[in-house]
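# Analysis of the macromolecular model
In case you want the letters, here they are:
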Amino acid sequence: MNRIIRQAINTEWFFLTERPDMPPLPVWYKIKHSALSHLNKKLYGTGIPWACFWHDNKVEHYLHGREYRAAIRRSTQILFSPQKLRQHISRLEKSCAAAKKAAQRLESLSWRELDDRRLFAEYARVIDNYILSYIYGFITWCTLVLEYEAKSVINRYASAFSKINILPDQALSVLIVPDKLTIYQEKDHALAGLAKAYRRVLSRPSGEKYIRARQPRLYSAIQDFVEKYSWVGFNYDGPALDFSAAVKEIWQYQAKTASPAPSKRDIYRICHFTAREKELFKALEMISYTKDLRNATDDYVHNCFSNFYQVAASRTGLAKSEIKFLWDDELESLLAGGGHFTGQYLEKKHRFCVAIARPQAAGFKQYYIGNSAKASYRTILKNSNKLSAIPTANFIKGVTAASGYAVGKVKLVRSVGDVHKVGKGDILVASMTSPKYMPAIINAAAIITDDGGLTCHAAIIAREIKKPCLIGTKLATRILRDGDLVAVAADQGIVTIIKKHQ
């Protein structure tokens, strides 16, 4: 395991992920207070320096290699110890529940009765609980190490899988996906039921007033759906689901057509896995569960924060989007009446800013904007595993998440607003996917992502509906453009560019 960890993380800074939808304030607050915290050191043996770069409407995350290696070693010990793992998951569940309860309390407060200092204090209280869920959820970053071993193990049983008509990567998906339905699967099942009911009584998308007047039972069912699932998939920046958006999702819903797959019991019956192999699959299953739990907590908490940002904006004279581009201490100072930030400063920060948690920094943080931010970025990029130059080859390599072959035109999806671009037979290319991308995933002939592991959303869904999928390409969104004709040979882990779009 140590050898695998050293091979996977062999640079000073490790490029973790790149996302298009994470404004600084809610992201950095939890990272700053978790990266070097006492609890982090207690659980994983070390504080972990973390660097975040916001530019070009995206954020890049890097972890310092030495500490990351140490943390993964300790995390792996937790994952392979049943007693330690049970305790860890129990603490994670409690911290997620506490974060959601605190966020719900924040949402229920009467804003007018709070002065500015109390307003920020209530926000900080939610963050304190939220940070705990983030620290306990750190074990999800072990995925890249465990996946290497899991892929090599599962391929040894290819001949056994052929007897029950399942491919190795599909078998792996069955083994590492938790049995309990996630909130995202619950929503999808509810959506399927509503879509069936809707099309039975209405032949086209209709407005809220029309449905309320003509189909009161359907109207009530959609209202219940919105009330229960409005926050699901909110991510960091929303928007939350409302009635009109729900009608759109219902009308566009397409059932996933997947043939019945063998169960875990079927796979365990035909494959005589060793105790170590069973522990490996269980560890990856727990990582999948942890990811789902953390994602649901993220969605709920940030949905509740949305109103707070609006209130803070109205009290300070800034726009809501500008509030979310402050650091937490800047917002605290602003609400306390001791801060003032010009439009020029905020615009400069929006173009390029950096936040780094490391022991050498004053306290827990070190911020840069403008040219100093770019210089800091160049230094970390140079000493990281991320490619700074775009290769000129006509192919891209990735990790096989789901087998298959497809040829089609590329459609880049950088945010939920691009989902409509993906038509039948197109190749969906994204930094990573989320439940909000499902209409595009159903239409796509294949899926390619920059980031993600075997337990990521794209990988699990692709294996479920049997569509070719490559993950972890690192640079697909930088090389490919809308209209490029590509061939996805997922079994070989290669995307070949047949013709560039002019």
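In what follows, the structure referred to is the one given above.
Everything quoted here is computed from the prediction, not taken from an experiment.

On to the side chain of Asn235, then. With respect to the helices and strands, Asn235 occurs in the loop between helix H12 (216-229) and helix H13 (243-252). With a relative accessible area of 16%, Asn235 lands in the buried category. What Asn235 contacts, discounting residues up to four positions off in sequence, is Arg19, Asp21, Asp298, Asp299 and His302.

Take the sheet that holds strand E5 (residues 367-369) next. In spatial order, the strands read E1-E3-E2-E4-E5; together these five strands make up an open sheet with antiparallel pairing. Every other strand in the sheet has two partners, leaving strand E1 (13-19) and E5 as the edge strands with one partner each. Neighbour-to-neighbour, the strand axes of this sheet turn through a mean angle of 15°, independent of strand direction. Against the sheet, helix H4 (residues 65-79) touches E1 and strand E3 (58-64), its axis set at about 75° to E3.

This part takes up unusual backbone geometry. The peptide bond linking Gly238 to Pro239 adopts the cis configuration, its omega dihedral lying at 5°. Positive phi is not limited to glycine here, since Asn165 has a value of about 60°. We classify Asn165 as exposed; its relative accessible area is 68%. For Lys474, which is not glycine, the phi torsion reads 75° and is therefore positive. Inspection of the secondary structure assignment puts Lys474 in the loop between strand E11 (469-471) and helix H22 (476-479).

Next up on the list: the sheet that holds strand E6 (residues 395-397). Strand order in this open sheet of eight strands is E6-E13-E12-E8-E9-E10-E11-E7, and the pairing throughout is mixed. Whereas interior strands pair on both sides, the edge strands pair on one side only; in this sheet they are E6 and strand E7 (399-402). Averaged over neighbouring strand pairs, the angle between their axes works out to 30° when direction is ignored. Pairing of strand E9 (residues 427-430) with strand E10 (residues 446-449), which is carried by four bridges, proceeds in the parallel orientation. Paired with Val429 across the strands is Ile448, a residue of E10.

Relative to the helices and strands, Asp224 is located in helix H12. Asp224 sits 25 residues away from Glu249 along the chain, and the two C-alpha atoms are 15 Å apart.

Criteria and cut-off values
Residues numbered from 1 in each chain as written. Predicted model: local features only at pLDDT ≥ 70, side-chain atom pairs only at ≥ 80, totals over all residues. Heavy atoms only, no water. Helix = DSSP H or I, 4+ residues; strand = E, 2+ residues; numbered from the N terminus. Buried < 20%, exposed > 50% of the residue type's maximum accessible area, 1.4 Å probe, protein only. Contact = heavy atoms within 4.5 Å. Pairing = 2+ DSSP bridges. Axes fitted to C-alpha atoms, helices over the stretch in contact; angles between N-to-C directions.

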